[in-house]
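Fold and contact review
The primary structure of each chain is shown beneath.
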Amino acid sequence: MRKTLILIPCCKTKIPGGVEHYDRSSSILNVLSPSVSEKLVELRRALCDTFGLEPGPDLGYRVKNSRLKYMEAYKRYAGKIYRNISPSSWSKLSRISDLELVIVSALYGLINFDEPIRLYNLTMKDRIPGGPLLKTWWKRHLPKILSDYILIKGFQAIHDFLSIDYSKAVEGYNELLEEADTKVIKHTYPKMGTGSNYRRGEE
């Protein structure tokens, strides 16, 4: 079986709650090369400071007595894509070694589907105060971070279900894979508008 990665975007609709303990064991930071992992932490901290968010270990801070609550990403997100993915599909991901799913996030950059995340209110359409849209800001960094992850894991097929704004944030990552044996399959839904997210979830 070809080693396959599925890419999907985060969403604005989220479920509150969670636990105060942060478990980093499933963090994508554990997989990235050291320099890229450090860069991603630096970027998360930058957004935390820029938007005045509460510092926490998920954004690279060492803090005590944090009241932040964390929940696995696939449980936290509740948008159209996520509502159309069956619960059994998530459980299968944990058991199939040749298939993985990564989420492109407006706050975290990249996260594993089961990585614990906080409740946050950002999408790639939001603008950094006095600066560019988040999709433009992330575009300076995410293509290299995503390609680093793909090359380290040795994926042979990428199923890209990213919506337009999230595709913009990682634009060019496929060009960094030209020397690898990796096929990128982009799933697009022309003329479907917001209804395309239902199809993304189903597929």
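Every value quoted in this text rests on a predicted model; they were computed, and no experiment measured them.

**Thoughts on the overall build of the protein**
- Within the protein, the regular secondary structure consists of eight helices and seven strands.
- Taking 2.2 N^0.38 as the reference for a compact globule, 203 residues should give roughly 17 Å; the C-alpha atoms of the protein span a radius of gyration of 16 Å, in line with that estimate.
- Each principal axis of the C-alpha distribution contributes one length, and for the protein these read about 45 × 35 × 35 Å.
- Taken across its 203 residues, the protein has 48% of its residues classed as buried.
- In the protein, the share of contacts with a sequence separation of at least 24, taken over all contacts with a separation of at least 6, comes to 74%.
- Of the charged side chains in the protein, 32 are positive and 23 negative; the average position of the first set lies 5 Å away from that of the second.

**A closer look at the sheet that holds strand 1 (residues 4-9)**
- Reading across from one edge, 4-3-1-6-7 is the order of the five strands in this open sheet, with mixed pairing throughout. Each edge of the open sheet is held by one strand with a lone partner, namely strand 4 (109-112) and strand 7 (183-186). Within the sheet, the average angular offset between the axes of one strand and its neighbour, ignoring direction, is 25 degrees.
- Note that strand 3 (residues 99-105) and strand 4 share four bridges and pair antiparallel. Its bridge partner lying in strand 4, I103 is registered against I111.

**Re the packing of aromatic side chains**
- Considering all chains together, one arrives at ten aromatic pairs under this definition.
- A centroid spacing of 5.0 Å and a plane angle of 35 degrees characterise the contact between Y74 and W90, whose relative ring orientation is tilted. Here Y74 is found in helix 2 (residues 73-76), whereas its partner W90 is found in helix 4 (residues 87-93), with 16 residues between them in sequence.
- Given a relative accessible area of 23%, Y74 falls into the partly exposed group.
- Residue classification places W90 among the buried positions, given a relative accessible area of 6%.
- With 5.2 Å between their ring centres and 40 degrees between their planes, Y77 and Y82 make a pair best called tilted. Of the two residues, Y77 and Y82, both sit in the buried class.
- Three or more aromatic residues joined by ring pairs make a cluster, and in this case those are Y74, Y77, Y82, W90, Y108, F113 and Y120.

Calculation notes
- Residues numbered from 1 in each chain as written.
- Predicted model: local features only at pLDDT ≥ 70, side-chain atom pairs only at ≥ 80, totals over all residues.
- Heavy atoms only, no water.
- Helix = DSSP H or I, 4+ residues; strand = E, 2+ residues; numbered from the N terminus.
- Rg over C-alpha atoms; globule rule 2.2 N^0.38 Å.
- Buried < 20%, exposed > 50% of the residue type's maximum accessible area, 1.4 Å probe, protein only.
- Contact = heavy atoms within 4.5 Å.
- Lys, Arg positive; Asp, Glu negative; His and termini not counted.
- Charge placed at Lys NZ, Arg CZ, Asp CG, Glu CD.
- Pairing = 2+ DSSP bridges.
- Axes fitted to C-alpha atoms, helices over the stretch in contact; angles between N-to-C directions.
- Phe/Tyr/Trp six-rings, centres within 6.5 Å; stacked < 30°, edge-to-face > 60°.

These figures capture arrangement, not role.
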